[in-house]
Protein chains: 2
Amino acid sequence: MSRQKGCAVKAEPRSAVDDVVLQMRELISDKGLTVGDQLPTERELCEAFGASRNTVREAMRILKAYGVVEVRPKVGATIVDNRMASALDMFSFNVMEISRTTFSDIQGFRILLEVSSVDEIFDRITDQDIVELRQINAGLKAAEGKDEASEQDFLFHTRLIRVLSNKAILDVYGLMKPVILNIMLKGKTRHTFETDTFSEHESVLDALQTRDRLAYQYRMKTHLEMGYAQFNKVERFEEGPDAQEGASD
Amino acid sequence: MSRQKGCAVKAEPRSAVDDVVLQMRELISDKGLTVGDQLPTERELCEAFGASRNTVREAMRILKAYGVVEVRPKVGATIVDNRMASALDMFSFNVMEISRTTFSDIQGFRILLEVSSVDEIFDRITDQDIVELRQINAGLKAAEGKDEASEQDFLFHTRLIRVLSNKAILDVYGLMKPVILNIMLKGKTRHTFETDTFSEHESVLDALQTRDRLAYQYRMKTHLEMGYAQFNKVERFEEGPDAQEGASD
DNA sequence: GACTCTTATTTGTAGGACAAATAGGATAGT
DNA sequence: ACTATCCTATTTGTCCTACAAATAAGAGTC
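From a predicted model like this one, the values you see are computed outputs, not experimental measurements.

### Brief notes about the interface of chain A and chain B
In this assembly, 41 residues from chain A lie in contact with 41 residues from chain B. If you list the elements that add at least two residues to the side of chain A that touches chain B, you get α1 (16-30), α3 (53-65), α4 (83-91), α6 (103-116) and α10 (167-185) of chain A. Split by residue class, the side of chain A that touches chain B holds 22 nonpolar, ten polar and nine charged.

Set out below in structure tokens:
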């Protein structure tokens, strides 16, 4: 009933939810809130904006979808910046788009990211990182089946990428996960993971540990191309593995 | 009271709203719905998914925020594709400083992609590519305003990336477009584009033409870091060499 | 047959209730 | 005195009902 509320100043025929979103944006910039800061509780926002809780919640959903806030029970809304991840997610709506992308593109992308970033990686990697990478690789060797092994394989590479401390790249990796897992599984057996993949990873880690750039680049590139070669051998140009895809991410 | 998570399909500890979003995505891809098609009414979705209307509405808000659906009273939800506009909107949020990390991440990503891919680029680039790149750069110089100039700037870099013939990388570039445009616009004037940016591009092209790898890498890296420096100059927040609180997550 | 009006349906908003999660204080044990 | 555990108050998550606003479709009128 009190739908007409005090906003007579600029009472556009905007929806109440959009109105609240706008007021929240103003609140954020007016108070100079940044990442890590908290927003008022839902009920406080209701009072402040003269809107019902439903309306405030729908507005909050928009901000969440934008990757601008994160909400936890009891704690409330915290300002974050996950917009890149949100953007990727919203464009992954056509999962088919990226899935149909030829596998070789993804693999070429990975070679670029993991091999060419050698300088950054060497600058940043710590002994602790290498310890954890070896643990993950041990987990790969101990994996029960192909699926678990490929998960560990993927984890190994994302853990490596993580040392770049670049969330955008990590997000992209997450987006490509379904495709990458597919590549990893193609033409491999559990035994392959346990032997070849494992030792390839180990040799990469050795190069990392001794800070041997050339060895790292050569071994990592060979490793990645190996997987791709395996893939080509089996698949040969066939396409369409979307049947069993579950998007577990 | 019927909050017992009726979906026994795969009862993950996901929120009900996220669950509905997922089911809607499945519905869309299962039925092969595309732009212009209608979704069932809210109440039908409630029944279909066993969720309350509020939950369905919040899920719908997410899809709306993603620019995937459009809702009109009485008519219902129509599938659209305004994702690019939504992306732009969500990155227009940066009245706040929350973008610093994102910006540096993206810029680091670009350096990795455009500088480190030098071998691939040199292998593949043709004279025709360089001709077109010079045309685009001429367009940059002739641009009317900042916005048009930044578009040309972006086009220049995507055209360069295009020679990699890697759709995955190109797609990722497309996704990052809103952020990249933002970076380009920060601390630049139309004049800056016309002089500095233009000549930096030209020197990069010269290096490409003469196949001078070192010069290419140096110039491109400098060019990209220049943009980032401009950005920092405006923000005026970066002090220490690396104040990374990269405690992961 | 064309126009206007009513109606039924659907979305938009409000407000209340309860469950679930949890931060922070209260309490008990050593 | 200090730690560990439990309790409570607060906050988000979900469901429900009710009504207003918008509007497509059909009924009624000229």
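### Points about the protein's contact with DNA strand D
G76 of chain A together with S15, A16, S52 and T55 of chain B are the nearest of the 25 residues found near DNA strand D. Going through the elements one at a time, α2 (42-49) and β2 (76-79) of chain A together with α1 (16-30) and α3 (53-65) of chain B are the ones with two or more residues in the surface near DNA strand D. Take the surface near DNA strand D: its biggest share by element is three residues, from α3 of chain B. Tallied by class, residues from the surface near DNA strand D come to nine nonpolar, seven polar and nine charged.

### Some remarks on the pairing of strand β1 (residues 69-72) of chain B
Residue and element names in this part refer to chain B. Note that β1 and strand β2 (residues 76-79) share four bridges and pair antiparallel. Bridged to V71 within β2 is A77. Linkage of β1 to β2, two consecutive antiparallel strands, is achieved through a turn of three residues, within which K74 is found at a positive phi near 75°.

### Focus on the confidence of the model for chain A
Residues and elements named next belong to chain A. Per-residue confidence for chain A gives a mean pLDDT of 81; residues scoring 70 or more make up 82%. Per-element confidence in chain A ranges from a low mean pLDDT of 52 for helix α5 (residues 95-100) to a high of 94 for α3. For residues 1-12, every residue scores under 50 in pLDDT, and the model assigns this stretch three contacts once sequence neighbours within four places are set aside. Within the model, pLDDT remains below 50 along residues 235-249, and this stretch shows nine contacts once partners closer than five positions in the same chain are excluded.

### Notes on the protein's contact with DNA strand C
The immediate surroundings of DNA strand C are formed by 22 residues, with S15, A16, S52 and T55 of chain A together with E42 of chain B found nearest. Elements with a minimum of two residues in the surface near DNA strand C: α1 and α3 of chain A together with α2 (42-49) of chain B. No other element matches α3 of chain A, which puts three residues into the surface near DNA strand C. When its residues are assigned to classes, the surface near DNA strand C shows seven nonpolar, seven polar and eight charged.

### Quick notes on the nonpolar core
Judged by nonpolar contacts, the single largest core of 113 residues is most densely connected at A59 and L63 of chain A together with A59 and L63 of chain B. When residues no more than four places from it in sequence are discounted, the contact partners of A59 of chain B are V17, V20, V21 and M24 of chain B.

### Some words on the environment of D123 of chain B
Residue and element names in this part refer to chain B. Position of D123 relative to the elements: it lies in helix α6 (residues 118-124). With 10 C-beta atoms packed within 10 Å, D123 lands in the exposed category. Considering only alpha carbons, one finds D123 and D81, 42 residues apart in sequence, at a separation of 37 Å.

Rules used throughout
Residues numbered from 1 in each chain as written. Chains lettered and ligands numbered in written order. Predicted model: local features only at pLDDT ≥ 70, side-chain atom pairs only at ≥ 80, totals over all residues. Contact = placed C-beta atoms within 7 Å. Helix = DSSP H or I, 4+ residues; strand = E, 2+ residues; numbered from the N terminus. Nonpolar A, V, L, I, M, F, W, Y, C, P; charged D, E, K, R; others polar. Near = placed C-beta within 6 Å. Pairing = 2+ DSSP bridges. pLDDT = per-residue confidence, 0-100. Core = buried A, V, L, I, M, F, W, Y, C linked by C-beta atoms within 7 Å. Buried ≥ 20, exposed ≤ 12 C-beta atoms within 10 Å, placed from the backbone.

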